Amino acid sequence: MANDNYTAIMGMNLSEYSGKWIAICNKEIVSSGDNVKQVIREAKAKCSKEVPLVTRVPSGETMIF
Amino acid sequence: MTLTYKYKTIERPELPDIKAPSIPIRIIAESNGTSFDTLALIDSGADVSAITKDIAEILNLNLNVPETTSIGIGGKVRSKETTMNIRVGHGSETYTFRVPVMVILDHIDFNILLGRKGFFDKFKIEFDQDKQKVSLKRNS
């Protein structure tokens, strides 16, 4: 598993992506949006053979699951 | 050895930041699907892990199973139970196994939740809210 992308996202302020899906390759956000399929499609095109880290940035409300 | 992860900060524009016990995992796609890494929320209140329908389709999971109903704080949702392969850890502390997962068919966007069935029985999990970290020790 690519720890570099995990380390990178742990240090990022993601507030501008609130409520959005994001994909990270080579420690950088390479795609973002509301549709996870599209975000992953874009990430695959940009990331080459690297496995992207894909996650949804919580929208900011209190979460109760 | 124990896997330890710091809670992930969630910035909230008009509210204080909060921190959540998310861990990095790799979801390994079924044939023709797309594997990817993600941050999964460890949810001791969830009977079973949960993902969105979009994620299930990206991974090419088997959805040829009966539809059922799941219930959460927001009410009832349509769902299907299947399984997915996940990888947790790094280096010599890497564990790959199959977990049951509820695919939520209604359109709700959320990060992957790791629930108790098939996951909590594999690790001793410790939540340290004061130190903002979660630890996982593989059960022998």
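As shown above, the structure is provided for reference.
Residues numbered from 1 in each chain as written. Chains lettered and ligands numbered in written order. Predicted model: local features only at pLDDT ≥ 70, side-chain atom pairs only at ≥ 80, totals over all residues. Heavy atoms only, no water.

*Asks:* So what exactly am I meant to see when it comes to the pairing of strand β2 (residues 28-33) of chain A here?
*Replies:* It is a general feature of regular strands that their side chains alternate between the two faces of the sheet. Residue and element names in this part refer to chain A. Taken together, the 5 bridges between strand β1 (residues 21-25) and β2 define a ladder with antiparallel strand orientation. Counterpart to Cys25 in the pairing with β2 is Glu28. What sits between the antiparallel neighbours β1 and β2 is a turn of 2 residues, in which Asn26 has the positive phi angle 50°. (Pairing = 2+ DSSP bridges. Helix = DSSP H or I, 4+ residues; strand = E, 2+ residues; numbered from the N terminus.)

*Asks:* Looking at this structure, how should I read the interface of chain B and chain A?
*Replies:* Many descriptions give the size of an interface as the accessible area lost when the pieces come together. If you look at the interface, chain B gives 32 residues, while chain A gives 29 residues. Across the interface of chain B and chain A, roughly 2,900 Å² is buried in total on both sides, 64% from carbon and sulfur atoms. Counting the contacts that link chain B with chain A gives 2 salt bridges. Taking the shortest distance from any N to any O, the salt bridge between A:Lys37 and B:Glu57 comes out at 2.3 Å. Inspection of the chain B/chain A interface yields 7 residue pairs in polar contact (both at pLDDT 80 or more). Counting residues per element, the ones that place at least two in the side of chain B that touches chain A are β1 (2-6), β2 (8-10), β4 (22-28), β5 (36-42), α1 (53-58) and β8 (75-90) of chain B. (Contact = heavy atoms within 4.5 Å. Buried area = accessible area lost by both parts, 1.4 Å probe. Salt bridge = Lys/Arg side-chain N within 4 Å of Asp/Glu carboxyl O. Polar contact = N/O pair within 3.5 Å; in protein donor to acceptor, adjacent residues only side chain to side chain.)

*Asks:* Honestly, helix α2 (residues 36-47) of chain A in this entry has me stumped. Any pointers?
*Replies:* Given 3.6 residues per helical turn, the α-helix brings residues three or four places apart onto the same face. Residues and elements named next belong to chain A. For α2, with 12 residues, the first-to-last C-alpha span of 16 Å sits near the 16 Å given by 1.5 Å per residue. Here α2 has its buried residues at Val36, Val39, Ile40, Ala43 and Cys47. Axial view of α2: buried residues confined to an arc of 95°, hence all on one face. Among the exposed residues of α2, those pointing more than 90 degrees away from its buried face are Arg41 and Ala45. (Expected span 1.5 Å × (residues − 1). Buried < 20%, exposed > 50% of the residue type's maximum accessible area, 1.4 Å probe, protein only. Arc of directions from axis to C-beta.)

*Asks:* Just to check I follow, could you spell out the pattern of salt bridges for this structure?
*Replies:* Tallied over the entire structure, the rule returns 11 salt bridges over all chains. Measuring nitrogen to oxygen at the nearest pair gives 2.6 Å for the salt bridge that ties B:Arg26 to B:Asp37. Of this pair, B:Arg26 sits in strand β4 while B:Asp37 is found in strand β5, placing the two residues 11 residues apart along the sequence. In this structure B:Arg26 comes out as buried when scored by relative accessible area, which is 14%. The class of B:Asp37 is buried, set by a relative accessible area of 1%. Shared partners join several salt bridges into a network, and the residues in it are A:Lys37, B:Lys53, B:Asp54 and B:Glu57.

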